[in-house]
Structure formats: C-alpha cells, structure tokens
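Descriptive structure summary
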2 protein chains.
Amino acid sequence: MDTLNVELGTRSYPILIGAGLLGVADSFAALRAGHLLIVSNTTVAPLYMRPLRTALGSRRVLEVILPDGEEHKTLANAARVLDVLIANRFARDCAVLALGGGVVGDLAGFVAACYQRGVAFVQVPTTLLAQVDSSVGGKTAVNHPGGKNLIGAFHQPHLVVSDTATLTTLPARELRAGLAEVIKYGLICDPELFAWLEGNMPALLARDPAALAHVIRRSCQIKSAIVARDEREEGERALLNLGHTFGHAAESATAYREWLHGEAVGAGLVMAAAMSRECGLLDPAQAERVRRLVELTGLPTRVQSVAPPVLLEHMRIDKKVLEGRLRLVLLKAIGAAFVTSEYPGDALTRTLAQHAGAVA
Amino acid sequence: MDTLNVELGTRSYPILIGAGLLGVADSFAALRAGHLLIVSNTTVAPLYMRPLRTALGSRRVLEVILPDGEEHKTLANAARVLDVLIANRFARDCAVLALGGGVVGDLAGFVAACYQRGVAFVQVPTTLLAQVDSSVGGKTAVNHPGGKNLIGAFHQPHLVVSDTATLTTLPARELRAGLAEVIKYGLICDPELFAWLEGNMPALLARDPAALAHVIRRSCQIKSAIVARDEREEGERALLNLGHTFGHAAESATAYREWLHGEAVGAGLVMAAAMSRECGLLDPAQAERVRRLVELTGLPTRVQSVAPPVLLEHMRIDKKVLEGRLRLVLLKAIGAAFVTSEYPGDALTRTLAQHAGAVA
C-alpha cells in the first residue's frame with residue numbers, strides 16, 4: 001500500500017493506493033465516524049458494496065444507490081441523499097462515503113459539504129478517472145441544465161481509498177476516459193510522464209497493474225501538489241482545467257449524454273494543443289504528438305456532432321469566463337501549460353472550425 | 001458611520017453601521033463586482049430596493065424577490081435563485097447581495113456559497129435580528145422539513161452594510177425578536193450589557209436611535225470576536241447557540257409558522273436559564289432576571305402550543321446532538337455561558353414540563 005499525503009494544514013488527508021484496499025478494515029482505521037452513509041450507483045454497488053461494508057465493520061451504515069451516469073449528477077439527487085441523512089437523524093459527526101466514479105464522488109461530496117454546513121467525507125473511487133483526478137482536491141458539485149458543475153463547494157475529503165483492483169472491472173471506455181486526465185498531467189508539467197505514456201499506452205490499455213499503479217501515483221502526486229499550493233483555484237490550480245473549457249462545452253452541448261467526461265477532455269486536450277499552435281505558442285510537431293497520443297488512447301480527437309458556433313456559445317457560459325473574456329489554459333510546450341485570456345479571437349475560430357462539426 | 005472589522009485573515013471583512021448607509025454609493029465602494037444579483041422579499045423590496053439600486057450606480061443589477069417568511073427559506077427557492085444566476089450567465093466574479101432579514105440573508109448566502117463553488121456575498125440587513133446576528137459570521141443555510149438550517153455552508157460575506165434607518169419601518173414584533181439575540185449576547189459574556197438592557201428596554205422598544213446603535217455595535221463586537229476565534233464552530237462559537245436548541249425545537253415543532261426565530265429564541269433563553277437553575281448551576285434570582293427581561297421585551301417565555309415530549313423529540317434532531325447526546329449551552333451566571341452534554345436528564349424533563357404545553 002502506497003500512502004500520499006495532501007498537505008492542506010488542518011485539512012490534510014491521506015490517499016491510500018493499492019490492490020484490494022476497499023475490502024480491508026485497516027484502510028478505514030482513521031475514520032472515527034460511527035454513522036456512515038454510502039452513496040454509490042447501480043453499476044458499482046453490486047460489485048463492491050459487500051466487501052466495503054465488511055471492511056467498515058460494526059459501524060452503522062446506510063446506502064443510497066443512484067442510477068449510473070453523469071445526467072444523474074443533479075441537485076434533485078443531492079437533495080434525495082440529504083433527505084436520507086435527515087430522515088435517519090445523522091448528526092454532525094457522521095460521514096458520507098462515495099463508492100464509485102467521479103459522478104458519485106462529486107455529488108456525495110457536495111452533500112457532505114452542505115449537510116449541517118459540512119460533515120466528514122470519504123472517497124472510495126472505483127474508476128481510473130476518479131482515482132487520478134476527481135477524488136483528490138476537494139472540488140464537489142452537481143450539474144445544472146445551464147452548465148456542468150455550476151452548483152458546488154470546496155470540501156476536502158478526510159480520506160481517499162484508491163483500490164486499484166477495481167480497475168479490473170472497469171469498462172474499456174471508462175479506462176480510456178481516465179487516461180485522458182493522466183495525459184493532461186503530463187501536458188501541464190511533466191514531459192517525462194507524457195513521453196512515458198507514449199511508450200506505455202498499450203500496457204495501460206491492457207491493464208498492466210504496475211503500469212496503472214505508476215500513473216495513479218504520479219497523477220495524484222502532481223494534482224495534490226498543485227492543490228496544496230492553491231486550494232481554491234485562485235491561481236495555479238486553474239492549470240488543471242487544461243482541455244476542460246473545450247471539453248465541458250462539448251459535454252454541455254450534447255446534454256452530457258454522448259460522451260464520458262474523460263472522452264470530452266481527450267478532444268479538449270487536442271483542441272487546447274491546436275489552439276496553442278494557432279496562437280504561435282506551440283511547435284506544430286508537439287501539437288501533433290498530443291493528437292496522436294489521444295488517438296492512440298482510443299479517445300475522440302474532435303467534436304463531430306456539434307457545430308463550431310454552438311460549441312463557442314457553450315464555452316462562453318463556462319465558469320472560467322472572467323469579465324466576459326474566456327480564459328484558456330494553453331501550452332508553450334508539452335509539460336508547460338499556462339493560463340491566459342490574451343489570444344487572437346481568430347485562432348479560437350480556426351481551432352473550432354478544425355475540431356468541431358462534421359468533417360468538411 | 002461606524003466600521004467594525006471581522007478578523008478572519010484573508011477573509012476579513014468590514015461591517016458598516018449607520019443611518020442611511022444603504023442609499024449611499026460610498027458604502028459599496030469596496031465592492032469590485034460589476035454584476036450583482038440582489039435577493040430580497042416582497043416586504044422589504046418596495047421600501048429599500050430603489051435607494052439601494054441608486055447607490056449601486058452603473059453596475060449590472062438583477063433582482064429576485066421571494067415571498068416573505070421563514071417557510072420560504074427552502075432548497076427549492078435557493079435553486080430558483082441559482083437558476084437566475086445561470087440563465088443570466090453570471091460569472092465567478094459576480095456578487096450576490098442580500099437585502100432583507102435573516103431569511104433572505106441565509107438563503108442568499110447559501111446561494112453565493114454554492115454558485116460556481118463560491119462567489120462574493122454582500123449583506124444589507126434590514127431587521128434588527130439580521131443586523132445583530134445573522135448577517136455576521138458566515139453561517140448560511142436553508143431549512144428542511146426535518147429541521148432548521150440542516151442544509152448550508154460557511155461562507156463569509158465580503159461586506160456588511162447595516163443601515164439603522166431601516167429599523168424605523170420594522171414591525172414591532174420583529175424589533176422584539178431581534179432584541180432576543182441582544183439579550184443572548186449579554187447572557188453569554190457581557191453582564192454589563194444585560195444590566196444595561198434591563199434599564200433601557202423601554203428606550204429600545206421606542207426605537208431610540210442612540211440606544212439601537214449602541215446594542216447593534218456591541219452585539220456585532222461580541223459576535224465577530226467569537227467568530228474570529230472559532231469560525232467553523234469547533235468550540236467557543238457554540239456559545240452563540242444559547243437558547244437556540246430549545247428555540248429551534250419550538251420553531252420546528254410548529255412548522256416555522258407560529259413564531260419568528262427571535263421569539264423562539266426569547267423562550268429558549270428563559271428555558272436555558274431555567275434548565276441551568278434546575279441543574280443547580282444558576283442562582284434562581286438570576287434565572288428570574290432572565291425571565292423578566294424577556295417578558296419586558298414582549299417576547300414569549302414559554303412554548304404554549306407544543307407538548308413537552310414533542311418538544312424533546314424536536315430537540316433531539318437538532319444539529320448539536322453529538323453521538324446521540326444533546327449538547328446544551330447553559331449558564332453559570334448572567335454573562336457566563338458554557339457548553340455541556342453533562343446534565344441530569346430529569347432537569348431537562350422538569351424544564352420542559354414547566355415551559356412547554358398548556359399551563360396546567
């Protein structure tokens with residue numbers, strides 16, 4: 001078992017990484033709450049609820065099982081979970097535990113943030129995306145028909161238990177979606193990780209345990225270091241949105257139904273690289289390496305089903321719009337991302353024309 | 001104009017206190033947001049929306065006017081306000097402004113806490129209760145049928161503008177409700193304030209401007225000092241719940257329809273003093289002074305319409321229940337409150353028997 005610590009003063013917490021951890025009592029030894037509510041979904045609960053409950057021992061445990069899918073990450077479902085906590089008179093010293101991927105984690109975390117103005121929260125991520133990204137850093141949220149993650153809170157977990165054995169049951173499509181975020185970390189600040197991915201993508205797609213453990217550990221290291229320096233996204237943390245302004249717009253324009261989040265991020269990374277090239281910032285050969293790695297991962301590299309002006313419209317409602325000017329994360333090189341709202345408008349138009357809508 | 005600073009490091013903020021402040025541009029000079037959403041209610045908006053909008057000058061201003069009353073402090077109404085922010089594409093640099101009493105402030109503050117994981121929030125309290133209590137300290141929440149303030153967040157305002165001139169239009173019943181919280185501050189830690197209230201209650205009820213300004217300033221000083229030492233209620237801040245465990249239960253048992261919050265707190269203070277006496281902690285003469293001051297203020301001193309066992313049941317779902325044991329704020333003396341979960345159960349039974357239900 002690997003332990004990484006996210007350093008946030010009094011709100012510091014450990015990330016445990018290893019095979020089989022969710023079924024082991026020791027993984028939850030630090031958890032003092034005697035009353036727990038597990039939020040999961042109809043896909044994950046049948047696979048992992050039983051071993052998790054065994055590991056939790058004699059604690060009082062309730063469950064809320066939501067339907068599976070991003071379209072269920074709603075305020076109405078968060079309210080449903082709150083109703084269960086209240087109906088069962090859970091007190092401030094209870095804990096909410098998320099068993100599942102990013103959707104379950106974001107929603108359960110938002111509930112934990114709001115219930116009685118904040119109760120303890122534990123993440124047990126069962127997808128690669130949640131293990132490398134959404135379970136770390138304290139962002140919680142639900143979606144709104146007007147945009148993704150528009151309603152949420154910063155609420156750090158008390159504990160993250162990343163059981164790598166859960167990846168054996170993960171659908172291939174979700175594995176690839178998680179790898180999009182790993183590619184992102186390489187692009188932001190770790191050219192070695194990016195190059196390693198170029199060489200080892202086949203091993204990752206074949207679910208080689210050592211390869212997966214390597215990228216989970218490295219991703220959590222990078223993300224937790226950035227979060228420790230800028231918990232509430234007042235600066236550097238915005239780098240983690242690389243590819244996400246494009247990606248969120250694609251998800252929103254397709255009503256969250258066509259793509260997994262990580263798939264949208266895959267296309268978003270290609271578009272961020274292309275935009276960087278169009279701005280004269282990124283060497284075209286490096287932009288092409290980005291496109292090729294995303295393609296090799298089996299992720300979309302463009303947004304076929306959305307016309308460029310529609311995608312632009314959806315980008316504008318993105319949370320990163322500041323004073324009406326869209327801020328973007330762009331690349332100077334692979335491993336060197338930066339945030340800017342200074343770019344030629346026609347570079348954005350060209351990027352969208354190349355990467356959105358039916359191929360001319 | 002008086003300025004008090006609430007010292008919370010990077011989240012410090014000023015409370016401006018004075019007559020006519022809400023109609024003066026200078027009061028909002030520190031506010032950088034160009035896009036504002038004002039949340040108010042059908043009672044307050046007709047009185048003060050126009051001067052406030054004039055003071056806000058050329059900023060883009062939207063309004064959401066809610067029905068007046070505690071029963072409208074719901075998650076559904078918070079969602080309605082969020083819908084307006086999203087439909088109008090307000091960005092992270094917007095601000096939510098609460099114009100009204102505690103209900104409007106709590107709900108608008110919760111919206112500001114959740115929208116895009118937190119946007120700027122300004123309180124313009126127009127009731128005495130909001131000016132001395134709810135606008136200061138960053139507690140935001142909505143009610144749930146299962147209990148008061150069960151869904152919420154800690155989210156500090158950026159600015160509080162307390163216009164004492166608004167108290168001239170405040171119904172007498174609401175003035176008295178606000179005075180309950182002022183009595184509370186005296187009971188917690190300021191015997192001089194308590195004695196001053198015993199001598200000056202007629203002047204306060206006659207809305208003497210100097211008397212009101214004195215209690216607002218002193219109340220904000222006491223509350224902001226406690227909040228500065230314990231922002232998230234991990235210790236000392238719990239003292240501010242004096243009278244509230246009893247009071248919240250009374251409100252909840254009457255479905256928030258019979259009493260104003262401050263009225264319930266009035267009865268709650270009498271019950272907390274009586275309970276302290278029943279526990280042998282408080283001199284009976286001091287308990288009687290508490291009852292008499294609450295009575296002199298024109299506030300209820302018992303919970304006529306709720307039977308003792310029903311009130312006890314509603315106390316048990318209170319947020320302050322820890323590990324199943326109800327924590328109470330009790331008094332060793334006027335001006336010396338403390339938190340405890342150690343008390344004889346029969347003292348609570350006797351207190352409720354004396355103060356709840358029809359008089360035998």
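Above this text you will find the structure in question.
From a predicted model like this one, the values you see are computed outputs, not experimental measurements.

What to know about the overall build of chain A
When its secondary structure is counted, chain A shows twelve helices and 13 strands. In terms of overall dimensions, chain A is globule-like: its C-alpha atoms have a radius of gyration of 20 Å, near the 21 Å expected for 360 residues. With the C-alpha coordinates of chain A rotated into their principal frame, the extents come out at 60 × 40 × 35 Å. When burial is assessed residue by residue, chain A has 61% of its 360 residues classed as buried. Here the analysis covers contacts within chain A between residues at least 6 apart in sequence; of these, 75% occur between residues at least 24 apart. With an accessible surface of roughly 12800 Å², chain A has 53% of that area assigned to carbon and sulfur atoms.

What to know about the pairing of strand S4 (residues 60–66) of chain A
All names here are of chain A. With seven bridges connecting them, strand S3 (residues 35–41) and S4 associate as parallel partners. Note on S4: the bridge partner recorded for Ser40 is Ile65. Between the parallel elements S3 and S4, the chain passes through helix H1 (residues 45–56) in a crossover that is right-handed.

Looking at the environment of Arg289 of chain B
Residues and elements named next belong to chain B. Of note, Arg289 is situated in helix H10 (residues 284–296). Between the alpha carbons of Arg289 and Ile334 there is a distance of 8.9 Å; along the sequence they are 45 residues apart. The contacts of Arg289, once residues within four sequence positions are left out, are Phe194, Ala195, Glu198 and Ile334.

Remarks on the sheet that holds strand S5 (residues 95–100) of chain B
All names here are of chain B. The strand order S1-S2-S9-S6-S5-S3-S4 describes an open sheet built from seven strands, whose pairing is mixed. Edge positions in the sheet fall to strand S1 (2–6) and strand S4 (60–66), since each of these pairs with one other strand and no more. Here the strands of the sheet are splayed against their neighbours by 15° on average, with no regard to which way each runs. As paired elements, strand S6 (residues 120–125) and strand S9 (residues 159–163) share two bridges and run parallel to each other. Residue pairing in the sheet places Val122 in a bridge with Leu159 of S9. Docked against the sheet, helix H2 (residues 75–87) engages strand S3 (35–41), S4 and S5, running at close to 160° with respect to S4.

Section: the packing of helix H9 (residues 261–278) of chain B against helix H12 (residues 345–355) of chain B
Residues and elements named next belong to chain B. At their nearest, the axes of H9 and H12 sit 9 Å apart, and the two run at 135° to each other. Taken as axis vectors, H9 and H12 run oblique relative to one another. Once H9 is placed against H12, the crossing between them reads as right-handed. Listed contacts from H12 to Val270, Met271, Ala274, Met275, Arg277 and Glu278 of H9 are Ala347, Leu348, Arg350, Thr351, Leu352, Gln354 and His355.

Focus: the sheet that holds strand S6 (residues 120–125) of chain A
Residue and element names in this part refer to chain A. Strands sit in the order S1-S2-S9-S6-S5-S3-S4 across an open sheet of seven strands; the sheet is mixed. Single-partner strands in this sheet number two, and they are strand S1 (2–6) and S4. Neighbour-to-neighbour, the strand axes of this sheet turn through a mean angle of 15°, independent of strand direction. Sitting on the sheet, helix H2 (residues 75–87) touches S3, S4 and strand S5 (95–100), and the angle it makes with S4 is about 160°. Across the sheet, helix H3 (residues 102–114) touches S3, S4, S5 and S6, and the angle it forms with S5 is around 175°.

Some details on the environment of Asp163 of chain B
Residues and elements named next belong to chain B. Of note, Asp163 is situated in strand S9. Spatially, the C-alpha atoms of Asp163 and Leu16 are 8.0 Å apart, while their sequence positions differ by 147 residues. A polar contact of 2.6 Å, which involves the side chain of Asp163, links it to the backbone nitrogen of Gly20.

Quick look at helix H7 (residues 209–229) of chain B
What sets the pattern is the α-helix's 3.6 residues per turn: residues three or four places apart point alike. Residue and element names in this part refer to chain B. Across its 21 residues, H7 extends 30 Å between first and last C-alpha, which sits within 8% of the 30 Å expected from 1.5 Å per residue. Turning to H7, its buried residues are Ala211, Leu212, Val215, Ile216, Ser219, Cys220, Ile222, Lys223, Ser224, Ile226 and Val227. Packing partners of the buried residues in H7 comprise S1, strand S2 (13–18), helix H4 (128–134), helix H5 (172–189) and helix H6 (191–205). In this structure Asp208 caps H7, since a side-chain oxygen of it lies 3.2 Å from the backbone nitrogen of Ala210.

Reading guide: rules and limits
Residues numbered from 1 in each chain as written. Chains lettered and ligands numbered in written order. Predicted model: local features only at pLDDT ≥ 70, side-chain atom pairs only at ≥ 80, totals over all residues. Heavy atoms only, no water. Helix = DSSP H or I, 4+ residues; strand = E, 2+ residues; numbered from the N terminus. Rg over C-alpha atoms; globule rule 2.2 N^0.38 Å. Buried < 20%, exposed > 50% of the residue type's maximum accessible area, 1.4 Å probe, protein only. Contact = heavy atoms within 4.5 Å. Areas by Shrake-Rupley, 256 points an atom, 1.4 Å probe, with all protein chains shown as cover. Pairing = 2+ DSSP bridges. Right-handed = clockwise from strand over helix to strand, strands pointing away. Axes fitted to C-alpha atoms, helices over the stretch in contact; angles between N-to-C directions. Parallel < 35°, antiparallel > 145°, perpendicular 65-115°, else oblique. Left-handed = near helix turned anticlockwise from the far one by under 90°. Polar contact = N/O pair within 3.5 Å; in protein donor to acceptor, adjacent residues only side chain to side chain. Expected span 1.5 Å × (residues − 1).

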